[in-house]
Structure formats: C-alpha cells, structure tokens
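Reading the structure
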There are 2 protein chains.
Amino acid sequence: MTKLEALGARAKAAARVLMTATTETKNAALEAAAAAIEAQTAEILAANEKDLAAARETGMASAMLDRLALSEERLKGIADGVREVAQLPDPVGAVLSETVRPNGLKIQKVSVPLGVIAVIFEARPNVSADAAALCLKSGNAVLLRGGKEAIHSNTAIVSAMRSALETAGLPADCICLVEDTSRESARELMRLNGYVDVLIPRGGAGLIRSVVENATVPVIETGVGNCHVYVDKDADIPMAAEIVYNAKTSRVSVCNAAESLLVHSAVAEKALPAIYARLAEKQVTLYGDERACAILPGIEKATEDDWGREYLDYKMSVKVVDSLDEAIAHIARYSSGHSDCIVTENASAAGLFLNAVDSAAVYWNASTRFTDGGCFGFGAEIGISTQKLHARGPLGLPQLTSFKYKVYGDGQVR
Amino acid sequence: MTKLEALGARAKAAARVLMTATTETKNAALEAAAAAIEAQTAEILAANEKDLAAARETGMASAMLDRLALSEERLKGIADGVREVAQLPDPVGAVLSETVRPNGLKIQKVSVPLGVIAVIFEARPNVSADAAALCLKSGNAVLLRGGKEAIHSNTAIVSAMRSALETAGLPADCICLVEDTSRESARELMRLNGYVDVLIPRGGAGLIRSVVENATVPVIETGVGNCHVYVDKDADIPMAAEIVYNAKTSRVSVCNAAESLLVHSAVAEKALPAIYARLAEKQVTLYGDERACAILPGIEKATEDDWGREYLDYKMSVKVVDSLDEAIAHIARYSSGHSDCIVTENASAAGLFLNAVDSAAVYWNASTRFTDGGCFGFGAEIGISTQKLHARGPLGLPQLTSFKYKVYGDGQVR
C-alpha cells in the first residue's frame with residue numbers, strides 16, 4: 001500500500017462514520033472548525049508567511065501572490081465562510097421519491113453522501129477551508145491536494161480544522177491533506193480508484209485538461225468558460241451595452257466572464273459603437289471579424305483561434321452574424337458550455353435561444369456573471385461544472401450528494 | 001479528422017436536432033423503428049445467420065451463441081420493447097425547480113438530454129435496439145459500438161431503425177453504429193472528448209475495467225455485482241432460506257444475483273442447514289469460512305479471494321459473523337456497491353443496515369434480484385450503475401438526462 005493509498009483508506013474509513021453523522025454533529029464540527037481557524041490565526045499567518053517568502057523568492061507574479069496571501073481579515077472571512085456552510089440546509093437524508101410496487105415492495109430513493117471527494121487545487125489556501133466545509137456538511141470525507149506554493153498555509157488551516165473535528169466527536173480524517181505536492185502525487189490521486197468516489201479539480205485550463213486526460217476515478221469537470229453574449233436584432237441597445245460591459249469587465253479573471261460578443265447585422269452599425277464606447281472605459285481590446293472591423297476600424301483583426309479563446313483579460317472577440325440561427329450555430333461550435341446570453345426584446349427569439357444553446361446556464365437579458373452558487377441562491381459552491389454528467393453549473397451542497405434505494409419487503413422473491 | 005471523429009461529429013449534429021424534438025416526433029420515430037425491425041425481419045435474420053455461422057466456426061460456447069441468436073419471435077420481442085419505450089413518459093423538458101432571486105432574476109432548472117451517449121457492448125444484438133430506443137426517447141443521439149461477433153446483426157438492426165428515423169423527420173444519425181469493431185476503435189471511442197458526453201459500457205467485468213482505465217470521456221460504470229445477503233440473529237429462517245435461494249439461483253448470470261451469504265453466529269446452526277438444503281436443490285456449491293464449514297461439513301473451504309468474487313454461477317461464499325457490525329464491515333470491504341440485503345424481523349437492526357451499507361440498493365427482507373429497471377417501475381433500463389456520480393442503480397430514462405439553468409432577466413448586471 002502506497003502512502004497515498006494509506007491516506008485514502010483513512011479518508012474512506014472516516015467517510016463511513018461521517019455518512020451517518022447527524023446534522024447537529026456536522027454543524028457543531030463546522031462551528032468548532034471556524035473557531036479553531038480564528039484561534040490559530042497566528043500559526044496560520046506564520047505558515048502563510050513561509051509560503052509567501054518562498055513565492056517571492058521564485059518571482060511569483062503579484063496577482064498570484066495576492067491570491068496566496070492571508071491576513072487576519074481574510075482568515076476571519078474564511079472562518080465566517082465555514083460558519084455560513086453550517087447554516088445551510090443538510091442535503092443528506094432527503095427522501096427524493098417513494099413508491100410501493102404491485103408486489104408490496106416499498107422503494108425509497110434517499111440522498112446520501114458521495115463518500116470521499118478529492119479536490120485538486122492551486123495556490124489559493126482559502127480553497128482548503130471552503131472545500132472541506134462543503135464536503136463535511138454534505139457528509140463527505142475530503143482529500144485535499146493543493147499546490148506546493150500554499151503547502152504551509154494549507155497544512156496549518158487543515159490542522160486547525162482537524163483538531164476541531166475531534167472535539168466535535170468526528171474522525172479527524174474527515175479532512176485529509178495530501179502533503180506530497182509533486183506531480184506524481186497528483187497523478188496517483190487521479191487514479192486512486194477504490195478510495196476516491198469523485199475528483200473535483202479547481203483551477204486553470206491546464207489543470208482541468210490534465211485531470212480529464214489522466215483520471216480513472218469519476219471526475220466533475222469545472223471551470224473553463226468561453227461565454228458569449230449575443231445581441232439580437234430586437235435588442236434594447238443600451239441594455240446590451242450594460243450587460244456586455246458587466247459580463248466582460250466586472251471581473252475578468254473568472255470563468256463566468258464573457259469572452260465573445262455576437263451582434264446581429266441588422267443592428268450592428270448602431271450596437272457595436274455603443275457597446276465599444278462602454279468597453280473602452282476599461283480599455284478592452286476587441287478582436288473582430290471583417291464586418292466588425294469595418295464598423296469599428298480601430299479594433300484588432302480576429303484569427304480563428306480567437307473564437308475559442310478564454311482570455312481571462314480585458315479582451316473580447318466580436319463577430320457580426322446574419323441571424324439567430326447563425327449565432328446559435330457559432331455558440332454550438334465554440335462555447336465551452338458554461339454560460340451564454342441573448343439580449344433581445346423578442347420573447348420567441350429568446351425562447352429559441354434558451355432551448356437550443358446547450359450550456360449550463362443560458363441567459364435572457366442578464367449578465368453571464370450570475371452563474372455562481374451565491375447568486376443562484378445555493379449559499380456556496382465548490383466550483384462550476386461544465387460537464388453534463390451528475391451536475392451542471394454551480395456545485396452547491398445538493399450536488400455533492402448521491403442517492404441510494406432503500407427497499408422494504410416482507411419476504412418478496414422474484 | 002479520423003473516421004470515428006467524423007462519425008462523432010455526425011452524431012453531435014443529430015443530437016442538436018434531437019435535443020429540441022417534440023415527444024410526438026420521438027414517439028413516432030420509435031413506432032416507425034419498431035415497425036421497420038419487424039418489416040426487415042428476413043434481412044436481420046439473414047445477417048444474424050452470418051454472425052452465427054462465423055461464431056460456430058470459432059467454437060463459441062453455447063450460452064454465448066444463445067445470446068447472439070435472433071429469431072422471428074425474439075425480433076418481435078425487440079420491436080415490442082422499442083414500442084414500450086415510446087409509451088414511457090418523456091424525461092426531457094421537466095421544470096425541476098424554479099426560483100426568483102431578490103434581484104428579480106428567474107432561474108429555472110430544466111431537464112435536458114445529455115447529448116451524445118456512447119454505448120460499448122458485447123455480443124448481444126438486442127442491446128443495439130434497446131439502447132437506441134432509450135437514448136432516442138431521452139433526446140440523445142447514440143454511438144453504438146457492439147462486439148465484432150454481432151456486427152452483421154447490429155448493422156441490420158441499426159439500418160432498419162435509421163431508415164425509420166428519416167421517415168419520422170429526424171436525422172438518421174441520431175443512431176450511429178461504429179462499424180470498426182477493433183480494440184483500437186473501442187479505445188478511440190473512450191477518448192472521443194468533444195463528441196461523446198457520456199459513455200456507458202454494457203458487458204462483463206473485463207470491459208468495465210478497460211473503460212474505467214482508458215476513458216477520458218465521462219463514464220457511468222455499470223454492472224459488477226458482488227451482492228450479499230446477511231441473515232441476522234433475528235431473522236425468520238424460512239424467509240431467509242427463500243430469499244437466499246431466489247437471490248442466488250433464479251438467474252445466476254446476472255449482476256443482481258447474490259454471491260455471498262453472511263449468517264449471524266447466534267442462528268448459524270439452525271439457519272445454515274436450512275438454507276443449504278434449499279440451495280442444494282440447484283446443486284449450489286458453497287465456499288465457507290471455518291465456522292460455516294464446521295456447521296456444513298460437506299462444503300468447500302473459502303479462500304480470501306472468494307469474498308470479493310462475482311461467481312455468476314451456482315456458487316456462493318458463506319461466512320459466520322458475530323454481529324450486525326461485523327456484517328456491515330465485511331460488506332463495506334467486499335461489496336461492489338450494487339445490492340445488499342438484510343433478513344431480520346428486527347426493525348432497528350434493519351434501519352442500521354439500510355443506513356450504513358453504502359450500496360445502490362439496500363434491501364430489508366427481499367431478494368437482491370429486484371434491482372432492475374422493470375422491477376423498480378422505471379419501465380426499462382440501459383444498465384445498473386455501481387458508481388455514485390450522476391446515477392446509481394437502474395438507469396431509466398430520467399437518468400439519461402442532464403439539466404440546464406434558464407435565467408430570465410430584464411437587464412440585471414452584477
């Protein structure tokens with residue numbers, strides 16, 4: 001048995017206990033974990049300082065340093081996040097359906113935890129607490145494998161949470177940290193069948209690709225968002241400009257930011273300058289097709305690659321289309337299936353778009369930025385699924401459960 | 001673009017049309033497909049005869065030959081199966097939930113097809129029609145990849161169904177057959193990301209293992225069943241004997257057949273002889289631990305391997321345990337998570353078992369043989385899922401759907 005298999009076995013044993021833990025026990029553990037994070041602020045910040053020093057030495061970019069950095073205030077925010085999860089409804093134990101068959105068998109479909117959830121993430125130490133809290137509340141043990149840049153911070157946060165679990169009467173191994181941050185350990189985790197029920201990667205496109213390519217355990221693919229806004233011929237142009245501006249610029253580094261703008265040719269001459277004027281306030285660079293470039297002579301020319309690109313930057317591709325169908329076909333070809341929007345006053349065009357566009361979230365007259373567990377009312381999320389198996393869109397607590405059938409008989413045979 | 005990618009692209013294009021097809025259109029296509037199978041009975045049987053001749057030449061075992069063989073009557077049964085799927089409720093388009101957020105956004109969660117489902121199966125030509133019908137009704141295009149032993153039969157059945165789709169106004173490519181039955185084509189299909197939304201293997205343990213090991217597309221793992229019956233100290237012994245007899249012997253080759261018997265030591269002296277007497281009617285060989293062998297001197301000695309074995313035969317492992325907890329721990333260690341049963345008159349023991357045993361279906365006083373789409377009232381199934389992601393247990397029509405969020409705004413930005 002390898003070291004990671006041994007850790008997997010410990011997580012699996014803890015999951016069996018957690019599977020039948022009461023809501024009260026789980027909430028008490030979460031409250032205790034939040035308190036422990038606050039109580040151990042000094043230790044966690046000292047550990048974080050080690051990570052930051054090492055990161056500065058390797059010349060980490062300032063945006064990444066900022067994601068890595070903790071502070072008293074940020075730790076308070078992390079602890080409050082854990083407390084908020086305690087307040088959310090318990091997704092486990094719900095009777096999803098119940099039938100009595102003609103032979104008298106009663107069949108109940110009941111929500112249950114998934115078991116052991118592995119989360120592979122990058123250099124953001126807050127993810128360890130967020131993910132652990134969501135997994136714990138949904139009755140799942142978690143195997144956390146964060147980036148090497150945050151190893152000291154993650155170790156300190158997980159250590160605080162583990163001690164709290166024990167005081168609340170749950171096994172510390174409900175939250176396990178993979179201490180080996182080598183590529184090999186990540187690959188082994190992706191293939192830890194028999195111990196890992198589901199693997200959720202949280203990070204950039206490279207991480208997601210590596211997981212999809214290498215994992216043999218079931219995966220929920222997350223996060224890549226090539227989101228479109230289509231401005232229909234019947235759009236309210238000022239509304240379109242506001243939605244595009246918000247979807248593109250309110251936070252460029254996130255997966256629900258818009259990356260591509262499609263405009264119907266009937267309104268392009270009017271809509272494009274209005275939208276561009278708004279985007280120019282944030283110095284957004286547009287990459288246009290021939291017709292867009294003709295209307296907006298100052299912009300860059302798009303290449304084929306631009307249509308599939310997730311810029312995560314103040315950049316956006318733009319194309320003029322001649323029909324709603326052409327817009328839908330373009331989105332079908334290039335969208336990552338995350339969030340796509342139509343701006344129109346025409347209800348039947350909107351209805352067609354919402355039905356035909358095959359993405360996790362499809363919007364009529366609203367910003368794609370709303371695809372988020374908080375905005376959807378889920379309270380919290382562990383990521384945004386862009387696959388169609390199991391769950392799509394924001395992964396809230398109910399999406400971290402499975403179900404089983406409980407069958408009640410009095411001697412039935414077949 | 002490889003030949004298989006080209007086929008995947010055709011299936012994907014067809015899936016986009018099928019995604020928004022009405023229930024009436026899909027049902028008309030299914031009725032037409034059933035009629036076409038019947039109308040082309042002569043052609044299909046001639047093709048099947050080619051497969052049978054080749055199989056006889058290679059010395060195929062008679063049980064496998066029987067699975068491969070079609071007849072007029074069997075084809076009528078297959079066509080009727082397709083008609084039954086037409087009668088089932090359409091799982092697509094259901095509003096699963098609807099909320100209005102404080103900012104006025106209306107968020108609808110709506111069931112939608114998965115897209116393109118790939119099904120890899122072995123030498124049973126009926127699977128092509130069954131799987132195609134279930135996928136079609138749930139709005140999914142299907143890529144069928146059957147075993148080389150059934151290629152002529154599958155080609156003839158799929159050809160009949162495809163012609164029917166066109167008369168019903170749907171693209172023939174809603175049902176695509178992978179004609180290349182090499183191992184390489186199966187492997188390529190397992191890695192056809194971008195075209196295949198879900199892969200469902202239908203076959204033996206070797207096929208399932210190969211899919212789990214090689215697939216990069218999302219998979220629903222099916223079918224391996226190491227199912228247990230636990231006879232508690234408070235069991236009704238005659239009922240236990242009937243349930244074990246049925247679970248073991250009513251059909252030994254299926255995944256919901258019981259493979260392992262656990263008996264509480266307090267009743268073992270009485271229960272084991274009673275159960276064994278019943279099993280002996282079918283010449284079942286028992287593989288027992290030391291205590292079981294002491295009570296039933298004629299049986300074989302079990303080795304460690306027996307506890308994890310799916311015999312699919314008139315064979316069963318048997319172990320004496322000292323407590324409900326020991327039974328639960330044994331099942332946790334060796335069960336494949338398919339179906340496990342407790343026989344007891346003690347409601348609190350049953351409740352504990354149903355909660356603590358982490359399998360797709362958990363039974364109190366009924367045979368494990370009921371884990372089946374028909375018995376569960378789903379009308380039909382495409383397999384039995386033994387994983388916890390997406391769906392567990394019998395995969396009926398609702399399990400062949402995903403969902404999307406339709407978000408209705410009037411200009412909301414974040």
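Residues numbered from 1 in each chain as written. Chains lettered and ligands numbered in written order. Predicted model: local features only at pLDDT ≥ 70, side-chain atom pairs only at ≥ 80, totals over all residues.

What follows covers the packing of helix H6 (residues 126–137) of chain B against helix H7 (residues 151–167) of chain B. Residues and elements named next belong to chain B. Running from N to C, H6 and H7 cross one another at 30°; their axes reach a closest spacing of 8 Å. The angle between the axes of H6 and H7 places the two elements in the roughly parallel class. H7 is crossed by H6, and the crossing has right-handed handedness. Along the contact surface, H6 presents Ser128, Ala129 and Ala132, while H7 presents Asn154, Ile157, Val158 and Met161. Here the contact of H6 with H7 is built from residues that sort into five nonpolar, two polar and no charged. (Axes fitted to C-alpha atoms, helices over the stretch in contact; angles between N-to-C directions. Helix = DSSP H or I, 4+ residues; strand = E, 2+ residues; numbered from the N terminus. Parallel < 35°, antiparallel > 145°, perpendicular 65-115°, else oblique. Left-handed = near helix turned anticlockwise from the far one by under 90°. Contact = placed C-beta atoms within 7 Å. Nonpolar A, V, L, I, M, F, W, Y, C, P; charged D, E, K, R; others polar.)

The next point concerns the sheet that holds strand S4 (residues 141–145) of chain B. All names here are of chain B. The strand order S5-S4-S3-S6 describes an open sheet built from four strands, whose pairing is parallel. With one partner strand each, in any of the chains shown, strand S5 (175–177) and strand S6 (198–202) form the two edges of the open sheet. When the angles between neighbouring strand axes are averaged without regard to direction, this sheet yields 20°. Judged from the five bridges that link them, strand S3 (residues 116–121) and S4 form a sheet pairing that is parallel. In the sheet register, Ile117 faces S4, and the bridge partner there is Val142. Those strands touched by H6 are S3, S4, S5 and S6, and its axis lies near 165° from that of S4. Contacting S4 and S5, H7 runs over the sheet at an angle of about 155° to S5. (Pairing = 2+ DSSP bridges.)

Here the focus is the interface of chain A and chain B. Contacts between the two partners involve 59 residues from chain A, matched on the other side by 59 residues from chain B. Going through the elements one at a time, helix H9 (205–214), helix H10 (237–249), helix H14 (347–356), strand S13 (361–366) and strand S16 (401–412) of chain A are the ones with two or more residues in the side of chain A that touches chain B. Broken down by element, the side of chain A that touches chain B gets its largest block of residues, eleven residues, from S16 of chain A. Within the side of chain A that touches chain B, the residues separate by chemical class into 27 nonpolar, 19 polar and 13 charged. Where S13 of chain A meets strand S16 (residues 401–412) of chain B, five bridges bridge the pair, whose relative direction is parallel. When the sheet's bridge partners are listed, Tyr363 of chain A is paired in S16 of chain B with Val407 of chain B.

This part covers the environment of Asn246 of chain A. Position of Asn246 of chain A relative to the elements: it lies in helix H10. Using a count of 23 C-beta atoms within 10 Å as the deciding quantity, one classes Asn246 of chain A as buried. What Asn246 of chain A contacts, discounting residues up to four positions off in sequence, is Ser367 and Arg369 of chain A together with Val413 and Arg414 of chain B. (Buried ≥ 20, exposed ≤ 12 C-beta atoms within 10 Å, placed from the backbone.)

A few words on the packing of helix H3 (residues 41–57) of chain B against H7 of chain B. All names here are of chain B. Where H3 meets H7, the axes come as close as 7 Å, and the angle between the chain directions of the two elements is 160°. One finds that H3 runs roughly antiparallel with respect to H7. Judged by the twist between their axes, the crossing of H3 over H7 is right-handed. Residue-level inspection shows Glu43, Ile44, Ala47, Asn48, Lys50 and Asp51 of H3 in contact with H7, the latter providing Ile151, His152, Ser153, Thr155, Ala156, Ile157 and Ala160. By residue class, the composition of the contact of H3 with H7 is six nonpolar, four polar and three charged.

Residues and elements named next belong to chain B. Taking 1.5 Å per residue, 16 residues should reach 22 Å; helix H1 (residues 3–18) reaches 23 Å between its end C-alpha atoms and fits that length. What H1 keeps buried is the set Leu4, Leu7, Gly8, Ala11, Lys12, Ala14, Ala15 and Leu18. The arc enclosing the buried residues of H1, seen along the axis, measures out at 165°, which places them on a common side. The elements touched by buried residues of H1 are strand S2 (106–113), S3, S4, S5 and helix H8 (183–190). (Expected span 1.5 Å × (residues − 1). Arc of directions from axis to C-beta.)

So, on to the environment of Pro171 of chain A. All names here are of chain A. Along the chain, Pro171 falls in the loop between helix H7 (151–167) and strand S5 (175–177). Residue classification places Pro171 among the partly exposed residues on the basis of 19 C-beta atoms within 10 Å. Taking the C-alpha atoms as reference points, Pro171 and Ala15, 156 residues apart in sequence, are found 8.8 Å from one another. Not counting residues up to four positions away in its chain, the partners in contact with Pro171 are Ala14, Val17 and Leu165.

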